[in-house]
Amino acid sequence: MKILVTKNKEEASQKAFKLLQTDIINGAQVLGLATGSSPLGLYQKMTSSSVDYSSLISINLDEYVGLKPTDPQSYHYFMEHHLFAQKPFAKSFIPDGSNLNATEVINHYNQILATYPIDTQILGIGNNGHIGFNEPGTPFDSQTHKVKLTLATINANARFFTSSKDVPTEAYTMGIGSIIKAKHIILLAFGEQKADAINKMINGKVTTAVPASALQQHPNITVILDKQAASKLA
Ligand SMILES: O=P(O)(O)OC[C@H]1O[C@](O)(CO)[C@@H](O)[C@@H]1O
């Protein structure tokens, strides 16, 4: 695991952008993308650059169940607004949260992941150590599945909604097994509220109680932190 502790989000996002660029120059064609606040600085770097992503494929980690792609709280909308409108990809995949037939959504997404193996995966981490929407207890070999969100995640994500009552309680997510298949993973984490999860991910026991601890077994992962997220590292 390569760990970079940076001055701030700006420096971290610049480093992530450079790493992604290097991967693309070296042939990366399929990018795994994440939502949440952590990758926003990277997406700003991507949209303000002159780089053309229109021959690449993107595959997003997750989506809330029950939200239409046009819903401003959906991850479809988030990606369109923060990246795709300015930088279109050849094809962009995000689980269809408006389809309540979970089997159909899951089979379709697993098919997509089999067709387009991810070269570089951008990741954030939840305060409870989740990656994608893989909550504590998720098996490390899991594929795409539907999850019931924990109260911790619902509360953490309430900041994007008017109230925590509006946060959907279920999501479709790529499994941990699919995430760790990526050739290179770039994980971004900022702020003191991530410090505990980051320390457990890097120095803790490899356990399904901390989904991100699965990443200790990955051969090529770069973790980019600000000082606060790195503050509990021994
Ligand atoms: O980057 P943020 O907003 O702190 O979110 C952290 C994590 O939470 C999620 O948005 C899901 O709760 C993940 O996709 C993300 O990695």
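Residues numbered from 1 in each chain as written. Predicted model: local features only at pLDDT ≥ 70, side-chain atom pairs only at ≥ 80, totals over all residues.

### So, the overall build of the protein chain
Threshold: Secondary structure follows DSSP: runs of H or I at least 4 residues long count as helices, runs of E at least 2 residues long count as strands, and numbering of each begins at the N terminus. Put simply, the radius of gyration uses C-alpha atoms, and a globule should come to 2.2 Å times the residue count raised to 0.38. The exposure scheme places C-beta atoms from the backbone and then counts, for each residue, the other C-beta atoms within 10 Å of its own, assigning buried at 20 or more, exposed at 12 or fewer, and partly exposed in between. Contact between two residues is assigned whenever their backbone-derived C-beta positions fall within 7 Å.
Helix and strand counts for the protein chain stand at seven helices and 10 strands. What you see for the protein chain is a C-alpha radius of gyration of 16 Å, in line with the 17 Å of a compact globule of 234 residues. When its C-alpha atoms are laid out on the principal axes, the protein chain stretches across 45 × 40 × 35 Å. Residues classed as buried in the protein chain amount to 41% of the 234 residues present. Within the protein chain, counting contacts between residues at least 6 apart in sequence, those at least 24 apart form 80% of the total.

### Considering the environment of S55
Among the structural elements, S55 can be located in the loop between α2 (40-48) and β3 (57-60). For the pair S55 and P88, spaced 33 residues apart in sequence, the C-alpha separation works out to 8.9 Å.

### Some points on the site of the ligand
The cut-off we apply is this: Whether a residue is near a molecule or strand depends on its C-beta atom, placed from the backbone, lying within 6 Å of it. Put simply, Ala, Val, Leu, Ile, Met, Phe, Trp, Tyr, Cys and Pro go in the nonpolar bin, Asp, Glu, Lys and Arg in the charged bin, and everything else, Gly too, in the polar bin.
Taken together, the neighbourhood of the ligand is formed by 14 residues, with G36, S37, S38, G124 and G126 sitting nearest. In terms of residue class, the shell around the ligand is made up of four nonpolar, nine polar and one charged.

### Description of the pairing of strand β8 (residues 170-173)
Put simply, the rule is: Only strands joined by at least two bridges in the DSSP assignment are considered to pair.
Where strand β4 (residues 62-64) and β8 come together, three bridges link them in antiparallel fashion. Bridging from a neighbouring strand, D62 pairs with T173 of β8. Note that strand β7 (residues 145-148) and β8 share four bridges and pair antiparallel. Across the sheet, V147 pairs through a bridge with A171, a residue of β8.

### A word on the sheet that holds β4
By definition, the strands of a sheet pair up through backbone hydrogen bonds, in either a parallel or an antiparallel sense. This is how the line gets drawn: Under this scheme, a helix contributes an axis fitted over its contacting stretch, all axes are lines through C-alpha atoms, and angles between N-to-C directions fall in the 0 to 180 degree range.
Within the open sheet, the three strands sit side by side as β4-β8-β7. Their pairing is antiparallel. The sheet is open, and its two borders are formed by β4 and β7, each paired with just one other strand. Neighbour to neighbour, the strand axes of the sheet diverge by 25° on average, direction disregarded.

### Points about the UniProt feature "domain: Glucosamine/galactosamine-6-phosphate isomerase" (unreviewed entry) in the protein chain
Here is the rule: UniProt positions are given in the numbering used here, feature names are shortened, and annotations may be inferred rather than shown by experiment.
Here, the residues flagged by UniProt with the feature "domain: Glucosamine/galactosamine-6-phosphate isomerase" (unreviewed entry) are residues 26-218. Span residues 26-218 is 27% helix and 17% strand, its end C-alpha atoms 20 Å apart.

### Considerations on the nonpolar core
The condition is simple: Think of a nonpolar core as buried Ala, Val, Leu, Ile, Met, Phe, Trp, Tyr and Cys residues chained together by C-beta atoms that fall within 7 Å.
Counting residues in each nonpolar core, the largest one holds 58 residues, and the members touching the most others are I125, I186, L187 and L188. When residues of this core are assigned to their parent elements, the largest contribution, five residues, is made by strand β9 (residues 184-189). Aside from chain neighbours lying at most four places away, what touches L188 is A12, A16, S38, P39, L42, G124 and I224.

### Points about the UniProt feature "active site" (unreviewed entry) in the protein chain
Sites flagged by UniProt as "active site" (unreviewed entry) map to D62, N128, H130 and E135. One can find N128 in the loop between β6 (120-123) and β7. Turning to its location among the elements, H130 is positioned in the loop between β6 and β7. Contacts of H130, omitting those with residues within four sequence positions, involve E135, T153 and P211.

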